[in-house]
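# Breakdown of the fold
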Amino acid sequence: MSTQRLRNENYSGYSSTEVSPTESPSNGLDDFSGSSSYQRFGETNGTTWFQTLIHLLKGNIGTGLLGLPLAVKNAGILMGPLSLLLMGIVAVHCMGILVKCAHHFCQRLHKPFVDYGDTVMYGLEASPSSWLRTHSLWGRHIVDFFLIVTQLGFCCVYFVFLADNFKQVVEAANMTTNNCNSNETVLLTPTMDSRLYMLTFLPFLVLLVFVRNLRALSIFSMLANISMLVSLVMIYQHIVQGIPDPRNLPLVANWKTYPLFFGTAIFAFEGIGVVLPLENKMKDPKHFPVILYVGMTIITILYISLGCLGYLQYGPAIHASITLNLPNCWLYQSVKLLYSIGIFFTYALQFYVPAEIIIPFFVSRVTERWALMVELSVRIAMVCLTCVLAILIPRLDLVISLVGSVSSSALALIIPPLLEIATYYSEGMSPITIAKDILISVFGFVGFVGLAQKTLLGACCKKFGNYDCHKGSLDKDGDLFYQKPFQVPLNLSVVSLKFTSNLSCLYLLCMWLFACCSLH
C-alpha cells in the first residue's frame, strides 16, 4: 500500500492537504477581502463562516486554558493579563503572516492550497541564499518535526490531566457532599499513584486510536465539545462568586517564575497549525481574516478572564489545572469528570495529526498484506510513548510548560516571522518590518531556551527530591528558585535530562541561525 493511498483512504477526514482541484489560488492577504479571483468554486460541502469560527475556537481551547490561572500566578496579577494580551497580539500577528505567505505562494505557483510545511519550503526556495534554496526541503521536515512534537506533547498533557483529575475525584469520593458552599478542608483518602492511573487509561486510549477514520469520531467530538462547554460555564459560575481581597497578591511575581508563565501561555495560544486547513475548507474564504481576528479576540478575552478570575479566587493555592481547586461536592466533581471525558475523546483528534505524518512512512515500506498490522503496531507504540513520557514527568504544569517552550514557541513565534523575511526579502522589505520579525523570533527563542532548561531541571528536582539540584531550589508548591548551586550527583536520569535540554537548545539555535541566513 503506497503512502498516497494510505492518506487518501484512511486519513481523508483530517488531512490538511485535501482540497478541491477546481480551487483557484490566492492573491495574498492584501487583496484577500476584495478579490474575486480568490473565490473558490465547486466547494458545496465547504464550511460556513460560523462553522469555521467554531472550529477555530475548538482548536484553541483545551487543557492550556485551565492552566492559565497558575500562569498568572507565575507572572503576577498585573503582569499576567498584560503579558497574555501581548502574547495574544503577537500570536495572531504570526498567524496572519503565515496566511499571507501561503497566499503569496498560491498566487505565484498557481496552487489551490499550500499547508504550513509547503509554505516554509517555498519560503526557503525564495530566499536569496543559494544554500537555503538547495536545502529548502528541510523546511518541511522542520515543520513536520515540530508538529509531531507538539501534538504528541498535547497527548502527554492529556494523560497527566486525566490521571490528576480522576485521582482527586476517587480520593475524595468518601467525603464528597451535596453542599458546594462549604469551605471545609477535605482529607483525601490515599489511593494509587497518579502514574498508575495513567497506565489504567492506556488500554482505553489504545482502543480509541484504533478508529482510523476521523469522521467516525465525529459523534465523540461533539460529545467532547458539549461536555467541555458545560464544564467551562460551571467553572466561571463558581470563580466569579465571593472573590477574596486581591490586595495581598503580587502585581509582578518573581522573575524566575516568568518562564513558566511563558510556556503555559504559548501552549494555550498554539493554534497556528489549524489556521490554513480551516481557511482552505471554507465556502467563502475571503472572509477568513475577519473570522481569524474575531475568533482570536474571543479566545484572548477568555484566556485573560479565566486566568485572572481563577488566580483572584484561589490565590497562591491555585493548582496546575483549575479543576483541581473546585469544591468537593458532587456538582463540581461532575465538572471534573465531564471535562476529563472531553479531553479523553480529544486525545484521538490530536493523535491524528502525528499519525498522518508518521504512519505512512512505515506502511509504505511493507506489503499490503502487512499494512494493517504495521499501522496498528505503530499506533500502539505512539500511544505508549506518550504514556511513558507523561509518567517520566507526572506534573501537569511542567509538562504544559515544556511542550509550550520546545515546540509551540517554534511553530507559533519563531518560524512565521523568519518565514516572512525569507519570502519577501528579495522583493524588498522595510527595515522596520525586518527588525520586527527578528524581535519576535528572538523573543520566542529566548523563551524556548530559558524555559526548556527550567522545566527539565524542575522535573529532575521533583523526581529526584533527595538530590537537590540547587540548594533551596523547590518551594512548597514545587516551583524552582535558582540560588547557589552545588555539584549534582552523577545520577543517570538527571544527566540524561540535562543532556536532552542542552541538545534541544542547540538544535533550535541551529534552526534559527539556519533561517537567518536568508538575510545574507
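For the structure itself, look to the data block above.
The shown structure was predicted, so the numbers you read here are calculated from the model rather than taken from an experiment.

### Observations regarding the overall build of the chain
Secondary structure assignment for the chain yields 18 helices and zero strands. Split into buried and exposed, the 520 residues of the chain put 55% on the buried side. Partitioning the intrachain contacts of the chain with sequence separation of at least 6 by distance along the chain shows that 82% fall at a separation of at least 24. Taken as a whole, the chain presents about 22,600 Å² of accessible surface, with 67% of it coming from carbon and sulfur.

### Observations concerning a nonpolar patch on the surface
The grouping of Ile219, Phe220, Met222, Leu223, Ile226 and Val230 at the surface amounts to a nonpolar patch, some 500 Å² of accessible area in total. Tracing the backbone shows methionine 222 in helix α10 (residues 218-239). Since its relative accessible area comes to 43%, methionine 222 is described here as partly exposed.

### A closer look at the nonpolar core
Judged by nonpolar contacts, the single largest core of 139 residues is most densely connected at Phe159, Tyr347 and Val383. The leading source of residues in this core is helix α16 (residues 396-424), at 17 residues. If we skip the residues at most four places from it in the chain, valine 383 touches Phe159, Leu202, Leu205, Val206, Val209, Tyr347 and Phe351.

### Re the packing of helix α5 (residues 79-109) against α16
Where α5 contacts α16, the two axes come as close as 9 Å, and the packing angle between them is 40°. Classified by the angle between their axes, α5 and α16 sit oblique to one another. Pair α5 / α16 crosses with left-handed handedness. Residues Met87, Val90, Cys94, Ile97, Leu98, Lys100, Cys101, His104 and Phe105 of α5 touch α16, and the partners they reach there are Ala412, Leu413, Pro416, Pro417, Leu419, Glu420, Thr423 and Tyr424. Of the residues in the contact of α5 with α16, the class split is 13 nonpolar, two polar and two charged.

### Things to note about the packing of aromatic side chains
For the coordinates displayed, the defined rule picks out 14 aromatic pairs. Taking 5.1 Å as the distance between ring centres and 70° as the angle between the ring planes, the aromatic pair formed by phenylalanine 166 and phenylalanine 201 counts as edge-to-face. Of this pair, phenylalanine 166 sits in helix α8 (residues 137-171) while phenylalanine 201 is found in helix α9 (residues 194-209), placing the two residues 35 residues apart along the sequence. A residue is classified by how much of its surface remains accessible, and phenylalanine 201, at 13% relative accessible area, is buried. Consider the rings of phenylalanine 361 and phenylalanine 362, whose centres lie 5.2 Å apart with planes at 90°: the pair is edge-to-face. Three or more aromatic residues joined by ring pairs form one cluster here, namely Phe159, Tyr347 and Phe351. Sitting over the ring of tyrosine 352, arginine 379 keeps its end group 5.5 Å from the ring centre.

### Section: the environment of valine 230
Looking at the secondary structure, you find valine 230 in helix α10. On the basis of relative accessibility, which here comes to 40%, the residue valine 230 falls in the partly exposed class. Distance from valine 230 to tyrosine 339, taken between C-alpha atoms, is 8.4 Å for residues 109 residues apart in sequence.

### Focus: the packing of α8 against α9
Direction vectors running N to C along α8 and α9 enclose 115°, while the axes themselves pass 9 Å from each other. In the packing of α8 onto α9, the handedness of the crossing is right-handed. From α8, Phe159, Val160, Leu162, Ala163, Asp164, Phe166, Lys167 and Val170 reach across to α9, where they touch Ser194, Tyr197, Met198, Phe201, Leu202 and Leu205. For the contact of α8 with α9, the per-class residue count stands at 11 nonpolar, one polar and two charged.

### Remarks on the environment of glycine 263
Tracing the chain through its elements places glycine 263 in helix α11 (residues 258-268). Counting along the chain gives 145 residues from glycine 263 to serine 408, while the straight-line C-alpha distance between them is 8.5 Å.

### Here we look at unusual backbone geometry
In this model, histidine 110 sits at a positive phi of 55°, which is unusual for a non-glycine residue. Following the sequence through the fold, histidine 110 ends up in the loop between α5 and α6 (116-125).

### Details of the pattern of salt bridges
The full count for this structure, using the stated rule, is 11 salt bridges. Arginine 140 is paired through a salt bridge with aspartate 118; the nearest N and O atoms lie 2.5 Å apart. Of the two residues, arginine 140 is situated in helix α8 and aspartate 118 in helix α6; the sequence distance between them amounts to 22 residues. Taken individually, arginine 140 and aspartate 118 each receive the classification buried, so the pair is uniform in this respect. With a closest N to O distance of 2.6 Å, lysine 167 and glutamate 171 form a salt bridge. Of this pair, lysine 167 and glutamate 171 are both found in helix α8, four residues apart, which corresponds to roughly one turn of the helix.

### Focus: the side chain of serine 194
Checked against the element boundaries, serine 194 lands in helix α9. The contact partners of serine 194, leaving out residues within four places of it in the chain, are Ala163, Asp164, Lys167 and Pro394.

### Here we look at α6
Among the 10 residues of α6, nine are classified as buried, and the element is accordingly described as predominantly covered. Residues Tyr116, Gly117, Asp118, Thr119, Val120, Met121, Tyr122, Gly123 and Leu124 constitute the buried set of α6. For α6, the capping residue at the N-terminal end is aspartate 115, with a side-chain oxygen 3.3 Å from the backbone nitrogen of glycine 117.

### A few points about the side chain of glutamine 151
For glutamine 151, the location among the structural elements is in helix α8. Residues in contact with glutamine 151, not counting those within four places in the same chain, are Gln350, Val353 and Pro354.

### Some points on α11
It helps to recall that an α-helix has 3.6 residues per turn; residues three or four apart then point in one direction. Where burial is concerned, most of α11 is hidden: nine out of the 11 residues are buried. By the burial criterion, the buried members of α11 are Leu260, Phe261, Phe262, Gly263, Thr264, Ala265, Ile266, Phe267 and Ala268.

### As for the state of the cysteines
Following the criterion strictly, the structure yields zero disulfides and no others. Unpaired in this structure, cysteine 384 has its nearest cysteine sulfur neighbour in cysteine 387, at a distance of 6.9 Å. Accessibility expressed as a relative area gives 28% for cysteine 384, which makes it partly exposed.

### Remarks on the environment of tyrosine 424
Secondary-structure assignment places tyrosine 424 in helix α16. Sequence separation between tyrosine 424 and cysteine 101 is 323 residues, and the spatial gap between their C-alpha atoms is 8.7 Å. If near-sequence neighbours (up to four positions away) are discounted, tyrosine 424 is found in contact with Lys100, Cys101, His104 and Met429.

Thresholds, definitions, all that
- Residues numbered from 1 in each chain as written.
- Predicted model: local features only at pLDDT ≥ 70, side-chain atom pairs only at ≥ 80, totals over all residues.
- Heavy atoms only, no water.
- Helix = DSSP H or I, 4+ residues; strand = E, 2+ residues; numbered from the N terminus.
- Buried < 20%, exposed > 50% of the residue type's maximum accessible area, 1.4 Å probe, protein only.
- Contact = heavy atoms within 4.5 Å.
- Areas by Shrake-Rupley, 256 points an atom, 1.4 Å probe, with all protein chains shown as cover.
- Patch = residues over 30% accessible without salt bridge, like charges linked within 9 Å, V, L, I, M, F, W, Y side chains within 5 Å.
- Salt bridge = Lys/Arg side-chain N within 4 Å of Asp/Glu carboxyl O.
- Core = buried A, V, L, I, M, F, W, Y, C linked by side-chain atoms within 4.5 Å.
- Axes fitted to C-alpha atoms, helices over the stretch in contact; angles between N-to-C directions.
- Parallel < 35°, antiparallel > 145°, perpendicular 65-115°, else oblique.
- Left-handed = near helix turned anticlockwise from the far one by under 90°.
- Nonpolar A, V, L, I, M, F, W, Y, C, P; charged D, E, K, R; others polar.
- Phe/Tyr/Trp six-rings, centres within 6.5 Å; stacked < 30°, edge-to-face > 60°.
- Lys NZ or Arg CZ within 6 Å of the ring centre and 35° of its normal.
- Polar contact = N/O pair within 3.5 Å; in protein donor to acceptor, adjacent residues only side chain to side chain.
- Disulfide = S-S within 2.5 Å.

Keep in mind these values describe shape, not function.
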